[in-house]
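# Remarks on the overall topology
One letter stands for each residue in the lines below.
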Amino acid sequence: MNKKHNFSAGPCILPQEVFEKSAQAILDFNGIGLSLLEISHRSKDFVAVMDEARAIVKRLMNLGDDYEVLYLGGGASLQFAMVPYNLMKVGGKAAYLDTGTWAAGAIKEAKKVGTVDVVGSSKEENYSFIPKDYTVGAEYDYFHCTSNNTIYGTQMKSFPQVDTLMVCDMSSDIFSRQLDFSKFDLIYAGAQKNMGPAGVTLVVIKKEILGKTGRENMFSILDYSQHIAKESMYNTPPVFPVYASLLTLQYLERNGGIAAAEQRNEAKAKLLYDEIDNNPLFETFCVKEDRSLMNVSFKITDESKKEEFDNAWKAAGISGLNGHRSLGGYRASLYNALPIESVQVLVDVMKSIK
């Protein structure tokens with residue numbers, strides 16, 4: 001098979017050995033004569049997968065027993081509703097930072113649960129930067145931010161000190177850089193951006209923050225406490241995405257963990273951004289200080305060269321480079337599993353356009 005250079009923003013590139021082990025598990029899981037797709041999620045074989053999938057997250061993030069790890073369905077978009085439903089007090093309010101399309105989606109859903117104050121926004125400037133001049137006081141039940149914005153190519157390089165709970169959507173840069181994860185009270189991430197296939201969402205939550213909203217008769221399926229009590233098996237979990245995510249995290253752990261991944265990601269991003277900065281045919285959509293290490297969104301400055309560039313990167317075996325439909329241009333997603341050799345291929349193509 002002629003493997004392409006996959007710059008897709010999600011579902012994204014994963015390590016080749018994850019594909020191979022996942023494929024084998026579909027045919028015969030653990031040598032039991034049954035496919036992973038047909039075994040009971042209550043079987044000892046899959047319970048062991050779920051247990052390790054939850055444990056490895058805490059190891060990689062260096063978190064203790066005061067945190068719980070959940071694997072849920074519904075995508076990160078369901079978390080837009082579950083977060084306020086579980087954390088916003090009846091009659092309370094939450095603070096949100098508006099940095100892009102997905103942050104705006106979270107704000108929209110939270111407003112259906114209670115009062116939302118947008119404490120900072122870059123919407124008027126087409127989300128070209130991360131707002132920084134804002135404060136979040138103790139009057140809020142929680143503060144919500146999005147660490148990385150896949151469409152616009154911006155990333156929070158630091159996180160504010162707030163006088164309330166800190167909630168972060170890390171869907172597109174989870175496990176890509178070292179952070180003090182204990183600063184966050186709740187983290188969620190759709191797996192398909194950096195840690196597995198579509199179909200499962202990771203939620204990491206500090207247990208002590210739950211049960212304080214005053215909300216009675218909560219829908220059980222939306223109650224984090226119910227999912228914690230059932231160890232991510234309140235309903236049938238997405239078995240295959242959980243297993244593939246476990247394989248991906250095991251691969252990450254064996255290869256130096258988050259610290260090593262961060263070094264590789266910084267090298268890839270520098271290689272591509274240096275070419276953009278030095279090549280007058282290309283420029284990014286966002287300010288330099290907020291550039292994402294994961295999603296490099298850029299445009300061509302001479303439209304007469306667009307057809308030549310498009311033909312060249314496609315001929316080089318590059319896939320998934322088209323920008324998001326709402327922004328246009330191009331987007332190179334540099335997720336953990338993308339080798340720097342693929343970035344070099346793209347850079348060589350960019351250099352060839354005169």
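Everything numeric here is computed off the predicted structure, so don't read it as measured data.

## Description of the pattern of salt bridges
If charged atoms from side chains of opposite charge come close, those side chains can pair. Scanning all chains against the criterion turns up 21 salt bridges. Between Lys21 and Glu17 there is a salt bridge whose closest N-O contact spans 3.7 Å. Pair noted here: Lys21 and Glu17 are both in helix H1 (residues 16-27), with a separation of four residues, about one helical turn. Looking at Glu17, the relative accessible area reads 25%, which means it is partly exposed. Salt-bridge contacts for Asp173 lead to Arg177; the nearest nitrogen and oxygen are separated by 3.0 Å.

## Considerations on the sheet that holds strand E11 (residues 282-284)
Ordered by their spatial adjacency, three strands build an open sheet running E11-E12-E14, and the pairing between neighbours is antiparallel. This sheet does not close on itself; its edge strands, each paired only once, are E11 and strand E14 (330-333). Put simply, the sheet's adjacent strands are angled 35 degrees from each other on average, direction ignored. Bridge count for E11 against strand E12 (residues 295-300) is three bridges, and the pairing is antiparallel.

## Let's talk about the pairing of E12
With five of six residues buried, E12 is to be regarded as a mostly interior element. Bridge count between E12 and E14: four bridges; the pairing is antiparallel. Residue Val296 lies in a different strand from E14, and its bridge partner there is Ala332.

## Section: the layout of surface pockets
Within this model, the largest pocket holds a volume of roughly 420 Å³. Looking at the largest pocket, it is lined by 25 residues, and the ones nearest its centre are Tyr251, Asn336, Ala337, Leu338 and Pro339. Counting only elements with at least two residues in the lining of the largest pocket, the list comes to strand E1 (5-6), H1, helix H6 (239-254), helix H7 (257-278) and helix H9 (340-352). With four residues, H6 is the single largest residue contributor to the lining of the largest pocket. For the lining of the largest pocket, the residue count by class is 12 nonpolar, eight polar and five charged.

## Topic: the packing of H1 against H6
Look at H1 against H6: their axes get within 10 Å of each other, and the N-to-C directions meet at 145 degrees. Considering the relative orientation of H1 and H6, their crossing is right-handed. Contact residues: H1 offers Glu17, Val18, Lys21, Ser22, Ala25 and Ile26, while H6 offers Phe240, Tyr243, Ala244, Leu247, Thr248, Tyr251 and Arg254. For the contact of H1 with H6, a count of residues per class yields eight nonpolar, two polar and three charged.

## What about the UniProt feature "modified residue: N6-(pyridoxal phosphate)lysine" (unreviewed entry) in the chain?
Within this numbering scheme, the UniProt entry marks Lys193 as carrying the feature "modified residue: N6-(pyridoxal phosphate)lysine" (unreviewed entry). For Lys193, the position within the fold is in the loop between strand E9 (186-190) and strand E10 (201-206). A relative accessible area of 14% means that Lys193 is categorised as buried.

## Some thoughts on the sheet that holds strand E2 (residues 67-72)
Spatial ordering of the open sheet is given by E2-E10-E9-E8-E5-E3-E4, a layout of seven strands whose pairing is mixed. Edge strands, defined here as strands with exactly one partner in the open sheet, are E2 and strand E4 (115-121). The average angle at which neighbouring strand axes cross in this sheet is 15 degrees, direction not considered. Examined bridge by bridge, strand E3 (residues 93-98) and strand E5 (residues 142-146) share two bridges and lie parallel to one another. Following the sheet pairing, Ala95 is matched in E5 by Phe143. Its contacts with the sheet put helix H2 (residues 44-61) on E2, E9 and E10, and the angle it makes with E2 is roughly 130 degrees.

Rules of the game
- Residues numbered from 1 in each chain as written.
- Predicted model: local features only at pLDDT ≥ 70, side-chain atom pairs only at ≥ 80, totals over all residues.
- Heavy atoms only, no water.
- Salt bridge = Lys/Arg side-chain N within 4 Å of Asp/Glu carboxyl O.
- Helix = DSSP H or I, 4+ residues; strand = E, 2+ residues; numbered from the N terminus.
- Buried < 20%, exposed > 50% of the residue type's maximum accessible area, 1.4 Å probe, protein only.
- Pairing = 2+ DSSP bridges.
- Axes fitted to C-alpha atoms, helices over the stretch in contact; angles between N-to-C directions.
- 1 Å grid on protein atoms, 1.4 Å probe; cavity = no way out; pocket = protein on both sides within 12 Å on 5 of 7 lines; lining within 4 Å.
- Points joined across faces, edges and corners; volume = space filled by probe spheres on them.
- Nonpolar A, V, L, I, M, F, W, Y, C, P; charged D, E, K, R; others polar.
- Left-handed = near helix turned anticlockwise from the far one by under 90°.
- Contact = heavy atoms within 4.5 Å.
- UniProt positions renumbered as here; feature names shortened; annotations may be inferred.

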